[in-house]
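# Chain and residue survey
Spelled out from the first residue to the last, the chains are:
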Amino acid sequence: MDVLVGVAPVGLRGYRVQWGATLPRRVEALLADGTRLKATVDEAEAGVDLPDAAFFPPPHETYRPVDAAEARRLLGAR
């Protein structure tokens, strides 16, 4: 989450952010394991209260957590 709000977490190998008026518009990060993340923010709102449910896994029976290696395999990354 820090990456998306414009704060570089400890342990990143690289981090670049381009700011809009008050929030990040484009974020590029190189994670410790070499994974690259690039995100462009089309619309964002600051100060929005999120329900507690936003911080828990989706409540459906087909949900299952995946680790980084499986996520890369599923997304076709190297």
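Residues numbered from 1 in each chain as written. Predicted model: local features only at pLDDT ≥ 70, side-chain atom pairs only at ≥ 80, totals over all residues. Heavy atoms only, no water.

Below, the discussion takes up the sheet that holds strand E1 (residues 14–19). One open sheet holds the three strands; their spatial order is E1-E2-E3, and the pairing between them is antiparallel. What marks the edges here is a single partner per strand, and that holds for E1 and strand E3 (36–40). On average, each strand axis in the sheet is tilted by 5° relative to the strand beside it, whichever way the strands run. Note that strand E2 (residues 24–30) and E3 share five bridges and pair antiparallel. (Pairing = 2+ DSSP bridges. Helix = DSSP H or I, 4+ residues; strand = E, 2+ residues; numbered from the N terminus. Axes fitted to C-alpha atoms, helices over the stretch in contact; angles between N-to-C directions.)

On the surface, Met-1, Leu-4, Val-5 and Val-7 cluster together into a nonpolar patch covering about 390 Å² of accessible area. Mapped onto the elements of the fold, Val-5 is located in helix H1 (residues 2–5). (Patch = residues over 30% accessible without salt bridge, like charges linked within 9 Å, V, L, I, M, F, W, Y side chains within 5 Å. Areas by Shrake-Rupley, 256 points an atom, 1.4 Å probe, with all protein chains shown as cover. Salt bridge = Lys/Arg side-chain N within 4 Å of Asp/Glu carboxyl O.)

In the predicted model, the protein carries a mean pLDDT of 86, and 97% of its residues have values of at least 70. For the protein, the element scoring lowest by mean pLDDT is H1, at 81; E1 scores highest, at 93. (pLDDT = per-residue confidence, 0-100.)

What follows concerns the pairing of E1. Bridge analysis of E1 against E2 gives six bridges, and the strand direction is antiparallel. Considered in E2, the bridge of Gly-14 is made with Leu-30. Between E1 and the antiparallel strand that follows it, E2, lie four residues.

Within the secondary structure, Arg-25 is located in strand E2. Exposure remark for Arg-25: the relative accessible area of 40% places this residue in the partly exposed category. In the structure, Arg-25 is positioned 21 residues away from Ala-46 in sequence and 13 Å away in space, judged by C-alpha atoms. In this view, Arg-25 contacts Gln-18, Trp-19, Gly-20, Ala-39, Thr-40, Val-41, Asp-42 and Glu-43; residues no more than four positions away in its chain are not counted. Polar side-chain contacts of Arg-25 include one of 3.2 Å to the backbone oxygen of Asp-42. (Buried < 20%, exposed > 50% of the residue type's maximum accessible area, 1.4 Å probe, protein only. Contact = heavy atoms within 4.5 Å. Polar contact = N/O pair within 3.5 Å; in protein donor to acceptor, adjacent residues only side chain to side chain.)

Bringing the pattern of salt bridges into the picture now. Per the stated rule, a full pass over the model turns up three salt bridges. Across the salt bridge formed by Arg-72 and Asp-33, the nearest N and O atoms sit 1.9 Å from each other. Residue Arg-72 is found in helix H2 (residues 68–75), and its partner Asp-33 is found in the loop between E2 and E3; the two are separated by 39 residues along the sequence. Among the residues examined, Asp-33 registers a relative accessible area of 46% and is labelled partly exposed. The partner of Glu-70 in a salt bridge is Arg-64, and the shortest N-O contact between them spans 2.6 Å. Exposure remark for Glu-70: the relative accessible area of 18% places this residue in the buried category. Overall, Arg-64 belongs to the partly exposed group, its relative accessible area being 48%. Members of the salt-bridge network, linked through shared partners, are Arg-64, Glu-70 and Arg-73.

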